[in-house]
Structures are given as C-alpha cells and as structure tokens.
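Letter by letter, the chains look like this.
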Amino acid sequence: MVTIISIHADTSADGIQAECLGNRVQFILPGSLSAGSPLEVYAVNNTQTVLLTPHLAAQCGYTQKSDPWGNTIVSASLQSCFAENQADKQFRVAMQFKLYEFPTLSEKVHEVFKSCSHTMTSREILCETNFMEASICKECDTRNQDRTSKPVVLLYSPGEKAFDKETLQAMGYNVYSSPTRLVMRSPYNMAENFVDGVDMMVFKSVVLFRDRWMMTIVESAAACPISGASVVGQMISWHVPRHISPLVSSEVEILEVHMGVNGRTLTPEEMGSRHYAMTFTESHIVVKIPIGAPDGYYKSYVLKDQYHVSYTIEPMLELLWKEGLDKTTYKVLFPITTPLTPWPLQVTDYTQPKQKVFDILLGYFLPDVELLNITFGSELLTVSEVLIKGIGLQEHSFPNDTKAFALQVPFSEPHVQIKSFRPDVRTYSLPLVFGFIILPEHTLFSYSTVLEASTTNIVLPNAGGSCEQEHFKMYVKYGSTPSSQLKIKLGHMELNDKILQQYEHHSNETHFFIIVPFLAPSVQLTGITARIDVEIFDSLNNWSYKEISLACPFFLKLSECFSNGTINVVLPKLESVPNLHPDQLSLRDPACKPYYNEDYFAYFHFDVTTCGTTRKFVGDTMVYENEVTWKRDGPLPETLPPEKEYRLFYHDGDYPVLKFLKQPLYFEVGMDHSRDSRVAVGLENCWATLAKDKESKPRWDLIVDGCANPKDPEQTIFHPVIPDDRVDIPDHFKRFEVKTFSFKEDYGSSKSEDATLARRVFVHCDVIICHVDNTADGRCYKQCGATRNTVKSSSNRVRRRSSPSEEALQHVSIGPILFI
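Being a predicted model, the structure only gives us computed values, none of them experimental.

Now for the overall build of the protein. Assigned secondary structure in the protein consists of 6 helices and 67 strands. Within the protein, buried positions represent 46% of all 820 residues. Of the accessible surface of the protein, which amounts to about 42,500 Å², a share of 52% is contributed by carbon and sulfur atoms.

Right under this line is the structure:
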C-alpha cells in the first residue's frame, strides 16, 4: 500500500519546512512525521527520482543530518545534480521522503519542492559539511563560444593530472557546465585533494574547453577549513584565515563578512542577543560562541558505560571579497562538537519512610535518551511491565530540554531487603539497575544504584507479667517484629512447641501469653520468693531485645495449727544464713529435726505436747510456742569494720529480699558518674512504708530533717564514708544503718490470720544535692544531737543512687524487703 502526498507549491505542507538560504535550499522533515520509522530520502527532477546514498549526496551537492529531536534536515546546493536551473537565476529543487510504517511496512511518501532566486557573483565557493563546491563564471565577457565540446580537466594534487569528465564522475567528483557557469564539486578526503598547511582541504583544477581554433581555460579551486576550532572553558573559538592563499593570488578587498548559524545569516542584533561575537585580527576572523547557545544542541554519548554529553553547533561564515574586477562569495558551514564531558546522574530522594514507599527522581538526561527497563534485585522488567505491576514510573520534561524519571516502589515489594543494624532502626534496601538507550544510534548503557531508607518508629518487643496466687502470668508484646522472628527464653529454657505443651498459653497477632507455676523448672526459688527471668531475642539478627526479671513472694502460712493437736511449721532458707544444712536445725528439743526439707524450705511437723512446746492463754485464745534453733559447728565470724559492710549491694533484680524482723539493715545513697568535688549529698528524710507508694500509710520515720528520728534515736545510726577503691569523693555518699524494724499494733493485729504472713516494707529517702562551700545552708552538714555509732556485723547492705541535680530535691526508693 502506497500513499503519495504531493506538494505543488513553494509552501510547506504536512509540517515539512522548505527555505531558501542564499545559494542553498533546506528542507526539514519533523520528527513527529517520521516517528522513528525507517526513512529514505530521494532527489527528484522532471525525469527521475534517485535515492540519495551518502556517496551520491556528497558528489551531487546534498547534505543530510538529524538532530536530537528526531528532525531530518536535508540541504542542497542550488546547483546540485538534480536541481532545475533557469539561466542560472531561477532554481527549483524537489525532494521525496519515503517512510515505512510499522507493523505493515506500508510506504508513506511526502514530496516537496522549493523554488529559489539567486544572483551569483563571479565565483562562488561553498564549503558544506560533506563536500566542497566551486561555481565559476565561464564567459563573463559574453563572447560566443562552442559549449558542446567535451572539457579536459587538469587536477592539481599538487602535481598535475589530466582527466576527462566521465572519469572524474566515476571517481566521485562532479563536473557540471551550465550556459554561463562551470561547477566543480568534490567530497572531502578524495585522493586528488590535498591539505594546505594544517587548516585547509584544497580541491584545485583547470578546465580546458576547445573551440575550432581557440581554447578557453577556466581555473577552479575550493579551499575549506578542516580545523581552527578550540574550546576554552565555556567558550568556543573559531579561527578562519582572512587570506585564503589557494583561492587568491594577490591582495584582496574584503567587502562584507556575515556570521550565521545552521545556514541562516544573523543580524548584529541577533548575534548580540545570543552573545555571539566576531572579531578581526591581522590574519584571522575570530568567531566566539558560548557553549549551550540556543542554536546548538547537546548530544548523549557513552564512554566506559558512563553517561557523557557534548555540545554541537554549526556556525556559518560568509565573505564577499573583490580581487581586481571579480567578486568572490565564500561560504563555509563548519560543525563544531565539544569534547565529551562526563554528566554524572543524580538520584534525588523524596522518600518519606513513614509512607513505606521509595520515591526517587533519576536525572538529568537529554531528550535522545529513552528508558528501556529496570532490574529490581534479580528481576528485569520492561517499562510496560513495571507499569502493569503497579509500580509508579513517570517521565518528567523540563524547560532546559532535559528530562528525568520518577520511580515509586513500596517497601512491601518482594525485592526490597530489610536490614537491621540496631534494634530500634529498620533499614529497607533495594538494588536497582536502569537500562537506557540513546537514539538514533541505539547505544545502550545502564545506571546502578541502591535505594535505602530507615525507619525509627519501630515498636520494640516488650514483656511483662504479674504475680498470681500460685503462678506467674507473663506476656510478650511483639511490637514491629514478626512473631516468627522472635524467640523467648524462660530462665535458660528456650520455648518451643514441645515445651509449650507443658504450660497453659495462647497468642494473637500482637501478644503471647503464658502461665508459669511457681514450682516450674524455669523458676528460681529463694526463701519464700519465686523469680522468673524472661529474655526476648531476634533469631534473624541475633539481638537481645529485652530481659526482665519478675519476683513474687509466696504469701504462705509459716505456721498452722490443726484440730488433731499437731502443728506444721515452714521455715524458708535465708540468705543471711549461708551454708545452712537441715541437720543443723531443730526445735527446743534437739531431737526434733525437720520432717522434710527442700533446697529452699524446711518443714517441721510435731504434736503440741512434744518437742518442748509450751502454751499460754491470751484472752480466750490458747497460744502454743516453740523455737527453731540453728546449731553452728564453729564460732561466729569476726565482726567486720564499718567499711566492709558496703562492699556488696543488692540490685533491682534481687528484690524482694527476705530478712528477719530484728536484723539490722545497711543503706547507702550516692551519686553516680559525677567527678565534681564541689557538690555533696545530703539526706533530708527517710521513712518506710508497707506499700510501694511513698505517700502511703502507715509510715515509719527513720531520718527526719537530716537527723535520726528523735522519737527513736537509737533505731537509725549514721556511718562515716571513707575513701577507698570504690569511693573517690566521700561527700558524694551518705550511709546509715537501721537496727531493727518494729511495727505498731495500730497497723497490724496479731489476732489476724495475716499476722503469720511475710510483711513487705519499702524504704524511701528525700535527697538534696548541694554545694560543699555553702555551709550557711546547713542541709549538707546537718548538726544533730549525739547518736551512737556502734557498727553491727551484717551482710545486709542496700545502696541507692540519685542523679546530680544541684540543690534540687531528689527521691529514691527500694523494696520490697520481706520480714518474717
């Protein structure tokens, strides 16, 4: 199927532009018409249509090129092989553009012509990008001559060689004789051409026309620059000799000089608006053009798989000079391309991690670059496949003739890798390879990058629990970590399906719950305290997220009477009695040993009338009494100085701790991580409560206004602080001893059944951080009445630290301490 569109006028049609440019004519086929289809260009005259190959185009005076926007530009000399010439004044040039449309490869033909008028000078020399042309007036004296004879052509290279017209045509030259002119045309780099110096390519000939009794000699020469351009910084300089020696034999008078671009002559105003400049030296005409001027264009290239660009512009210089009576028009079109320049691509990251989507812009590219595909991890997708998959991909164009590609990829895409370098930070990573093509050369290149985004709004796994009557009720909250990635340890035992069968448990999308009895293997028993340690760790990253310890007291009855006249007594093992063996225990009767014992308990079972049991009446109640005795195999350890009591301390995980009601306790309050010797620690008030709330009732005062409780001054004793390997600044610490705790009957009745249960106590202190030099304050060095400083030997030491806020009241608490 062939569609022919003919244009029978000098105007443009279908968007094809035709323009007369002095001794040239130019046609522009817009890229919108070709749309990437295969294109053939034909020269047309009244008798034939000829396909223009690159060789034929240079021989016959045609030039074809394209720009980055896909436009095809074809220019022709008005004296080209297929131009229609009327008296060397009127010219008609016709062209045909044949497109092959996909997918049927049907032909679509656009035919266009342009008629131009041109008045020629004695000699016209045209230096095109692919050929040199000289047009000389044969008989400017208008003498009648026989123009039917075959000319003989002498070429100088620089030696002289004779050829006939047919031989020259076969070699690639073109010899054309019109009624008044001789046209000689030569492609560049022909064998008979030569270089004059380093600046010019020269084509020189002498044509002999023989008449019956005389011979006409026509000298023809063309000299075109092949160098002279340089780039310095952002400026292009083009030097053209003022005196072109192969073309002139004597001094000439330069009448006119014009500068143009792309074959069009520019006015001085147009040159100024584009910042072009033309200056003259003794030997050269110098043209200066800034890189990036609007009449040129940038082009994409690839060098070592890196994106590069260059700038190309085609300046034109047209001279008119006079030599004797003859005038010469000299026109040269000289494309200049700057050296390749690296153009680093940029990834602009607009990702907002909270949106869980990578959002980037990759640029900037010239219009001749197209995106072919993107490789996500190991999966290559074409542009259409990317869009079908639902991934955001857009092309953005900018006013400076560049473009960029925007890409949006959700974090949930399979190729997005999740990395965690810290428990509270999650990093999403996506390796990408973009595949590009440069048109029309179809040069391929790629760009690789790795997208990364980190989120800090991670909810870390957490654990907690509570004490029930006979078991722990524990939970684990997954947070942002997948439950399949979490492992849980109870003590030294990692939970798995087999172990979980032994416990009551359940889970949902956010939590895991488990019931652990006090006597389970993973529970540590100390006295009447049961303790469970829970660790949560990430099996993928080998991180320990959380370690917690929960201690619960057994609120057990320590003694119980039965109606059959027997008594049961449960005695917990105390930390204050190390290395105790059950055989060392007995009731008042040494023969009454424990009936049964475990690691943490000793059980006595006896009759009310045996083992030295006594009785008494209190009101209407009969009370039975006995004693448990520890028989030591050796003497008691020697009493230790005051300082030795403050070597070992209980930590948060050790509470609750179990003590006898009449055991003395040792306390230390100090500052951590301070090296300032100008500040000191002072104790305002210290007291004990039965509840964790420091404001709860009842309350027992231990230190009041910096001194021992005046109502019971013997109960609290202050100890001096002496420098040692742990204590550098004694003023940073305060130490005191509480000899014994006594509980008023107002707050607990021995008649109650709860009187046989362990009693919990919390100790609180108000702490002041003050200046050592501020003696007027008196809060750091409180003057109290005389108190006893007798130091008792004990292994019970309690220390609490406060943060150093100068002259600000701080608060510290410890507990619970269980007394029996």
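The 4 strands are arranged 32-33-37-36 in an open sheet whose pairing can be described as antiparallel. The open sheet has two free edges, formed respectively by strand 32 (346–349) and strand 36 (392–397), since each of these has just one partner strand. Neighbour to neighbour, the strand axes of the sheet diverge by 20° on average, direction disregarded.

To continue, consider the state of the cysteines. The bond known as a disulfide is covalent and runs between the sulfur atoms of two cysteines. Taken as a whole and judged by the stated rule, the model has 6 disulfides. With its sulfur 1.9 Å from that of its partner, C20 forms a disulfide with C116. Disulfide C20-C116: torsion about the S-S bond near -85°, hence left-handed. One end of the pair, C20, is in strand 2 (residues 17–21); the other, C116, is in strand 10 (residues 106–117), with 96 residues separating them in the sequence.

Our next topic: the sheet that holds strand 46 (residues 511–517). One open sheet holds the 4 strands; their spatial order is 41-42-46-45, and the pairing between them is antiparallel. Of all strands in the sheet, those bounded by a partner on one side alone are strand 41 (462–467) and strand 45 (504–507). Going across the sheet, the axis of each strand differs from the next one's by a mean of 15°, ignoring polarity.

Low pLDDT marks regions whose predicted coordinates should not be analysed in detail. The predicted model of the protein has a mean per-residue pLDDT of 84, with 85% of residues at 70 or higher. Of all the helices and strands in the protein, strand 66 (residues 797–802) carries the lowest mean pLDDT, 45, while strand 34 (residues 369–376) carries the highest, 97. Confidence over residues 636–641 falls short of pLDDT 50; this stretch has 3 contacts with residues more than four positions distant or in other chains. Scored below 50 in pLDDT, residues 745–758 shows 19 contacts in the model against residues more than four places distant or in partner chains.

This paragraph deals with the packing of aromatic side chains. Summed over the entire model, instances satisfying the criterion amount to 19 aromatic pairs. A centroid spacing of 5.9 Å and a plane angle of 35° characterise the contact between W321 and Y330, whose relative ring orientation is tilted. One Lys or Arg, K299, reaches over the ring of Y301 and ends 5.7 Å from the middle of that ring.

The residue after L439, namely P440, is reached through a cis peptide bond having omega 5°. A cis amide bond, omega 5°, links K697 with the succeeding residue P698. Within the secondary structure, P698 is located in the loop between strand 60 (679–689) and strand 61 (699–704). Here the phi dihedral of D305 falls at roughly 60°; this positive angle occurs in a residue that is not glycine. Within the element layout of this structure, D305 appears in the loop between strand 26 (297–303) and strand 27 (306–313). For D705, which is not a glycine, the phi torsion comes out positive at approximately 55°. Mapping D705 onto the fold places it in the loop between strand 61 and strand 62 (707–708).

We now examine the nonpolar core. By size, the foremost hydrophobic cluster in this structure holds 52 residues, and its most contacted members are W238, L247, Y276, I289, I313, L317 and Y330. Residues contacting Y276, with those up to four places away along its chain left out, are M259, V261, L266, M271, K288, I289, P290, A293, D295 and I313. V369, I391, L430 and F434 belong to the second largest nonpolar core, which has 31 residues in total.

A word on the pattern of salt bridges. Here the structure, examined in full by the defined rule, presents 22 salt bridges. A salt bridge links R92 to E84; the shortest N-O distance between them is 3.4 Å. Accessibility expressed as a relative area gives 26% for R92, which makes it partly exposed. In this structure, E668 engages R735 in a salt bridge whose closest nitrogen and oxygen atoms are separated by 2.9 Å.

Turning our eyes to something else, we now look at the side chain of T338. If you trace the backbone, T338 turns up in the loop between strand 30 (336–337) and strand 31 (341–342). A distance of 2.9 Å separates a polar side-chain atom of T338 from the backbone nitrogen of Y311. Ignoring sequence-local partners within four residues, the contact set of T338 consists of V231, I236, I291, S310 and Y311.

A few words now on a nonpolar patch on the surface. A grouping of Y301, L303 and L340 is seen on the molecular surface, where their side chains present a nonpolar patch of about 240 Å² in accessible area. Relative to the assigned elements, Y301 resides in strand 26.

As a further point, take the side chain of T449. Looking at where T449 falls in the secondary structure, it is placed in strand 40 (residues 443–455). Owing to a relative accessible area of 15%, T449 belongs among the buried residues under this scheme. Ignoring sequence-local partners within four residues, the contact set of T449 consists of V347, L430, P431, L432 and F434.

Below, the discussion takes up the pairing of strand 64 (residues 733–738). Of all 6 residues in strand 64, 5 are buried, a share of seventy percent or more. When strand 59 (residues 665–671) meets strand 64, the two strands line up antiparallel, connected through 6 bridges. Of the residues in strand 64, the one forming a bridge with Y666 is E737. Of the strand pairs in this sheet, strand 63 (residues 716–719) and strand 64 are connected by 4 bridges, and their pairing is antiparallel. What sits directly across from I717, in strand 64, is E737.

With respect to the secondary-structure elements, T481 resides in the loop between strand 42 (471–477) and strand 43 (486–490). Residue classification places T481 among the buried positions, given a relative accessible area of 4%. Residues T481 and L460 lie 21 residues apart in sequence; the distance between their C-alpha atoms is 7.1 Å. Every residue in contact with T481, bar those within four places of it in the chain, is listed here: R426, V459, P461, L486, D538 and Y545.

Another aspect to go through is the environment of D620. Tracing the backbone shows D620 in the loop between strand 55 (614–618) and strand 56 (621–625). Overall, the relative accessible area of 78% leaves D620 in the exposed class. Here T621 takes part through its side chain, which lies 3.5 Å from a polar atom of the side chain of D620.

This part takes up the environment of T529. On the secondary structure map, T529 appears in strand 48 (residues 529–538). Look at T529 and you get buried, because its relative accessible area is 6%. Residues T529 and L658, spaced 129 residues apart in sequence, show a C-alpha to C-alpha distance of 7.9 Å.

Below, the discussion takes up the pairing of strand 39 (residues 425–438). When you tally the buried positions in strand 39, you get 12 out of 14 residues, the bulk of the element. Here strand 34 pairs with strand 39 via 7 bridges, running antiparallel. Paired with I374 across the bridge in strand 39 is F434. Looking at chain direction, strand 38 (residues 417–422) and strand 39 are connected through 4 bridges and run antiparallel. Following the sheet pairing, R422 is matched in strand 39 by V425.

Each value, and the rule that gives it
Residues numbered from 1 in each chain as written. Predicted model: local features only at pLDDT ≥ 70, side-chain atom pairs only at ≥ 80, totals over all residues. Heavy atoms only, no water. Helix = DSSP H or I, 4+ residues; strand = E, 2+ residues; numbered from the N terminus. Buried < 20%, exposed > 50% of the residue type's maximum accessible area, 1.4 Å probe, protein only. Areas by Shrake-Rupley, 256 points an atom, 1.4 Å probe, with all protein chains shown as cover. Pairing = 2+ DSSP bridges. Axes fitted to C-alpha atoms, helices over the stretch in contact; angles between N-to-C directions. Disulfide = S-S within 2.5 Å. pLDDT = per-residue confidence, 0-100. Contact = heavy atoms within 4.5 Å. Phe/Tyr/Trp six-rings, centres within 6.5 Å; stacked < 30°, edge-to-face > 60°. Lys NZ or Arg CZ within 6 Å of the ring centre and 35° of its normal. Core = buried A, V, L, I, M, F, W, Y, C linked by side-chain atoms within 4.5 Å. Salt bridge = Lys/Arg side-chain N within 4 Å of Asp/Glu carboxyl O. Polar contact = N/O pair within 3.5 Å; in protein donor to acceptor, adjacent residues only side chain to side chain. Patch = residues over 30% accessible without salt bridge, like charges linked within 9 Å, V, L, I, M, F, W, Y side chains within 5 Å.

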